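Structural characterization, general
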Amino acid sequence: MAREFKTVGVVGLGTMGAGIVEVFARNGVDVVAVEVDGAALDKGRANLTASTDRAVARGKLDPADRDALHARVTFAVGLDALRDVDLAVEAVPERLDLKRRLLAELDRVCPPGAVLATNTSSLSVTEIAVATERPGQVIGLHFFNPAPVMRLIEVISTVVTAPEVARDVRALCGRLGKVGVSVTDRAGFIANALLFGYLNQAIGMYEAGYASREDIDAAMQQGHGLPMGPLTLLDLIGLDTAYQVLETMYQRGGHDRRHAAAPLLRQMVTAGLLGRKSGQGFYTYQAPGSSRLAPDDLTPVAGAEAGEPAPRTVGVVGSGTVATDVAEVLTAAGVDVVAVADPGGVPAAGPGDQAVRDLAAVDLVVVAGPSTAPVIDVAMATGRPADVVGLHFVGGPAAQARLVEVVRTVRTSPTAVRAARQLCAALGRTAVTCGDRAGFIADALLLPYLNDAVRMLESNYSTADDIDAAMKLGCGYPAGPFELLDTVGLDVALAIQTAIHRELPEPGLAPAPLLRNLVTAGRLGRRTGGGFRDHAG
């Protein structure tokens with residue numbers, strides 16, 4: 001039977017610490033809330049009061065329950081107030097030296113049987129634990145901000161954490177109405193390890209001028225249903241916090257280049273452009289701390305000139321269901337379509353080539369195909385590369401997709417890009433523009449993240465269920481990586497990741513061996529009845 005934690009101490013009453021106090025007290029646990037001095041204590045009490053008052057105003061908390069919650073909390077200055085707690089949780093700033101000193105003091109003050117927990121988001125729990133004389137009773141409890149709202153807690157065990165301690169703490173998570181996921185002590189745990197590689201890649205994409213900030217964000221929101229685009233999310237997190245997390249993960253995680261902070265991020269932090277907290281990051285806000293963009297913070301959208309007509313005759317180059325779907329969508333919208341089989345990317349196509357003759361009179365040529373195929377190969381074979389763009393409908397069949405990636409090659413003219421975006425507007429789709437690289441925007445950011453999740457699973461770091469839960473509950477994703485892989489198809493994911501790795505042959509982008517093996521074994525996801533999970537029917 002799991003032990004019952006009756007009294008919990010929380011050290012550090014900033015936004016996160018006060019939120020943790022609220023979580024415990026709201027669920028019937030007596031809390032001793034500790035700060036270093038009276039001023040910090042008063043600020044922590046105000047943080048708790050403001051949060052619970054907001055919950056009452058929004059109808060999320062009954063006034064009587066709020067009063068009972070506050071009655072369970074004892075505020076105190078100094079660690080001596082924690083002499084009788086069953087569990088002590090530190091929520092002080094993310095500095096290893098500070099957390100080690102604090103855990104050593106908690107070890108001295110707290111009862112011998114008490115569990116000591118660190119709320120670190122990326123530091124080594126092992127290095128913190130060995131500062132005590134009870135490392136077997138030290139565990140990581142990574143709450144997510146805002147703690148009263150977010151349902152995920154990462155429960156981090158070290159190589160010496162007693163199994164019963166991990167078991168009891170995970171049971172406590174359930175008592176708090178949270179989902180505790182079990183992980184071992186590696187850089188970034190689950191959510192940050194998967195999230196920040198993706199965010200860092202998005203910064204590099206923007207830094208290289210591959211796509212605009214708005215188009216990168218729209219590609220992930222509208223193309224893959226994420227609650228927020230990566231650059232907007234970075235502004236919310238704080239660019240200084242993101243830089244600190246990436247630096248820690250890079251140093252602790254084997255110097256994986258996916259976690260080597262993009263130069264632009266380092267420069268922005270140095271310049272004080274920290275995101276919403278400073279009023280400017282990747283976007284500019286009306287005031288520090290505001291979520292509202294400044295009125296003049298608008299990037300002109302390429303090809304959005306008012307009144308410019310959409311092309312009426314379009315050549316669709318491609319073969320298979322993707323090209324057929326695109327042609328059908330265009331035809332249904334009243335566009336005259338000339339369908340041409342993929343000429344195979346032969347750059348020597350001449351004026352006598354049948355494909356070139358078929359495309360001679362169209363207003364725009366689009367290449368319809370997967371995000372693995374270079375558009376330039378087909379563009380050169382058409383004989384009119386300046387008029388060729390790629391159209392990639394993201395998020396399902398062309399008839400259902402809300403987002404279209406307009407892919408420009410090095411030979412595409414600005415006029416063709418504008419025409420393609422006008423065509424997408426006429427179809428009622430959101431268009432984003434990008435260069436001609438494997439994965440374009442949406443798949444180039446999504447697939448390496450999915451591949452990272454597979455690597456995490458094959459190393460026995462955590463389970464597929466816990467990894468999926470971490471990303472859904474901790475990051476608000478509509479589906480976990482393994483749910484998404486089974487839906488997309490493991491063979492499709494492997495093909496895209498292979499193409500990305502072919503262009504950028506970095507070790508961190510190589511397809512995970514487990515993904516290759518499952519595809520070889522015929523476990524392709526839902527359509528075959530089994531991928532990372534078995535699917536009936």
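Let us look at the structure shown here. (Residues numbered from 1 in each chain as written. Predicted model: local features only at pLDDT ≥ 70, side-chain atom pairs only at ≥ 80, totals over all residues. Heavy atoms only, no water.)

Let's talk about the overall build of the chain
From N to C terminus, the chain includes 20 helices and 14 strands. With respect to the principal axes defined by its C-alpha atoms, the chain has extents near 90 × 55 × 40 Å. A burial count over the chain gives 52% of its 537 residues as buried. Taking the intrachain contacts of the chain between residues at least 6 apart in sequence as the baseline, contacts between residues at least 24 apart amount to 68%. Counting 49 positive and 59 negative side-chain charges, the chain places the averaged centre of each group 2 Å from the other. (Helix = DSSP H or I, 4+ residues; strand = E, 2+ residues; numbered from the N terminus. Buried < 20%, exposed > 50% of the residue type's maximum accessible area, 1.4 Å probe, protein only. Contact = heavy atoms within 4.5 Å. Lys, Arg positive; Asp, Glu negative; His and termini not counted. Charge placed at Lys NZ, Arg CZ, Asp CG, Glu CD.)

With respect to the sheet that holds strand 8 (residues 179–184)
Taken in spatial order, the 8 strands of this open sheet run 3-2-1-4-5-6-7-8, and their pairing is mixed. For this open sheet the edge positions go to strand 3 (73–77) and strand 8, each flanked by a neighbour on one side alone. Recorded for the sheet is a direction-independent mean angle of 25° between the axes of neighbouring strands. Bridge analysis of strand 6 (residues 138–143) against strand 7 (residues 152–157) gives 4 bridges, and the strand direction is antiparallel. When the bridges of strand 7 are listed, Gly140 appears paired with Ile156. (Pairing = 2+ DSSP bridges. Axes fitted to C-alpha atoms, helices over the stretch in contact; angles between N-to-C directions.)

Quick look at the packing of helix 7 (residues 191–207) against helix 10 (residues 239–252)
Look at helix 7 against helix 10: their axes get within 10 Å of each other, and the N-to-C directions meet at 115°. On the basis of their axis angle, the class for helix 7 and helix 10 is roughly perpendicular. With respect to the hand of their crossing, helix 7 and helix 10 are arranged in left-handed fashion. Judged by residue contacts, Asn192, Ala193, Phe196 and Asn200 of helix 7 engage Ala242, Val245, Leu246 and Met249 from helix 10. Residue composition of the contact of helix 7 with helix 10, grouped by class: 6 nonpolar, 2 polar and no charged. (Parallel < 35°, antiparallel > 145°, perpendicular 65-115°, else oblique. Left-handed = near helix turned anticlockwise from the far one by under 90°. Nonpolar A, V, L, I, M, F, W, Y, C, P; charged D, E, K, R; others polar.)

Considering the sheet that holds strand 12 (residues 388–394)
An order of 10-9-11-12-13-14 is seen for the 6 strands of this open sheet, with the pairing classed as mixed. This sheet does not close on itself; its edge strands, each paired only once, are strand 10 (336–340) and strand 14 (430–434). Across the sheet, the axes of successive neighbouring strands diverge by a mean angle of 30°, strand direction being ignored. Pairing between strand 12 and strand 13 (residues 403–407): 5 bridges, direction antiparallel.

A few points about the pairing of strand 7
Here strand 7 lies mainly inside the structure; 6 of its 6 residues are buried. Burial of strand 7 is two-sided: the residues Leu152, Glu154 and Ile156 facing one way and the residues Ile153, Val155 and Ser157 facing the other way are all buried. Across 6 bridges, the pairing between strand 7 and strand 8 is parallel. Looking across to strand 8, one finds that Ser157 is bridged to Thr184.

Focus: the pattern of salt bridges
Evaluation of the coordinates by the stated rule reveals 26 salt bridges. Notably, a salt bridge pairs Glu94 with Lys99, separated by 3.8 Å at the nearest N-O pair. Side by side, Glu94 and Lys99 carry an identical accessibility label, which is buried. With its nearest N and O atoms 2.9 Å apart, the salt bridge here joins Glu214 to Arg213. A relative accessible area of 24% means that Glu214 is categorised as partly exposed. Arg213 gets classed as buried once you look at its relative accessible area, which sits at 7%. Each member of the salt-bridge network shares a partner with another, and the members are Arg3, Arg167 and Asp168. (Salt bridge = Lys/Arg side-chain N within 4 Å of Asp/Glu carboxyl O.)

Brief notes about the environment of Arg533
Tracing the backbone through its elements, the reader meets Arg533 in the segment after helix 20 (513–520). Put simply, Arg533 and Ala91 are 442 residues apart on the chain and 37 Å apart in space, counted from C-alpha to C-alpha. With near-sequence residues (within four places) excluded, Arg533 lies in contact with Ala464, Asp465, Asp468, Phe482, Glu483, Asp486 and Arg523. Among the polar contacts made by the side chain of Arg533, one reaches the main-chain carbonyl oxygen of Ala464 at a distance of 3.5 Å. A polar atom in the side chain of Arg533 sits 2.9 Å from the side chain of Asp468. (Polar contact = N/O pair within 3.5 Å; in protein donor to acceptor, adjacent residues only side chain to side chain.)

Let's talk about the state of the cysteines
Applying the stated criterion across every chain yields a total of 0 disulfides. Looking at the unpaired Cys110, the closest cysteine sulfur is the one in Cys173, lying at 18 Å. Residue classification places Cys110 among the buried residues on the basis of a relative accessible area of 5%. Here Cys424 stays free of any disulfide, with the sulfur of Cys434 as its closest cysteine sulfur at 11 Å. In this structure Cys424 comes out as buried when scored by relative accessible area, which is 0%. (Disulfide = S-S within 2.5 Å.)

Brief notes about the nonpolar core
Within the largest apolar cluster, 94 residues are counted, with the highest numbers of intra-cluster contacts made by Ile190, Tyr198, Phe282, Ile441 and Phe482. Looking at this core, the element that brings in the most residues is helix 16 (residues 442–458), giving 11 residues. With residues near it in sequence (within four places) discarded, Tyr198 still touches Met220, Leu226, Pro230, Arg258, Leu445, Tyr449 and Tyr477. Counting residues in each nonpolar core, the second largest holds 39 residues, with Val165, Val169, Leu172 and Cys173 among its members. (Core = buried A, V, L, I, M, F, W, Y, C linked by side-chain atoms within 4.5 Å.)

Things to note about helix 12 (residues 321–332)
One turn of the α-helix equals 3.6 residues, which is why residues spaced by three or four share an orientation. Between its terminal C-alpha atoms helix 12 stretches 16 Å, which fits the 16 Å expected from 12 residues at 1.5 Å a residue. Of the positions making up helix 12, those classed as buried are Ala323, Val326, Ala327, Val329 and Leu330. Along helix 12, the residues classed as buried sweep out an arc of 160° about the axis, all on the same side. Residues Thr321 and Ala332 are exposed on helix 12 and point more than 90 degrees away from its buried face. Considering only its buried residues, helix 12 is in contact with strand 9 (313–317), strand 10, strand 11 (364–368), strand 12 and helix 15 (414–426). Positive backbone phi, approximately 90°, marks Gly334, located one or two places after helix 12. (Expected span 1.5 Å × (residues − 1). Arc of directions from axis to C-beta.)

Observations regarding the packing of aromatic side chains
Per the counting criterion, the structure on display carries 4 aromatic pairs. Sitting above the plane of the Phe75 ring, Arg45 keeps its charged end 4.4 Å from the centroid. Between the NZ or CZ atom of Arg437 and the centre of the ring of Tyr210, over which it lies, the distance is 4.5 Å. (Phe/Tyr/Trp six-rings, centres within 6.5 Å; stacked < 30°, edge-to-face > 60°. Lys NZ or Arg CZ within 6 Å of the ring centre and 35° of its normal.)

A look at the environment of Met249
Here Met249 shows up in helix 10. Residue Met249 is classed as buried on the basis of its relative accessible area, which comes to 1%. The sequence separation of Met249 and Leu447 amounts to 198 residues, and the corresponding C-alpha distance is 20 Å.

As far as function goes, none of this settles anything; it's purely spatial.
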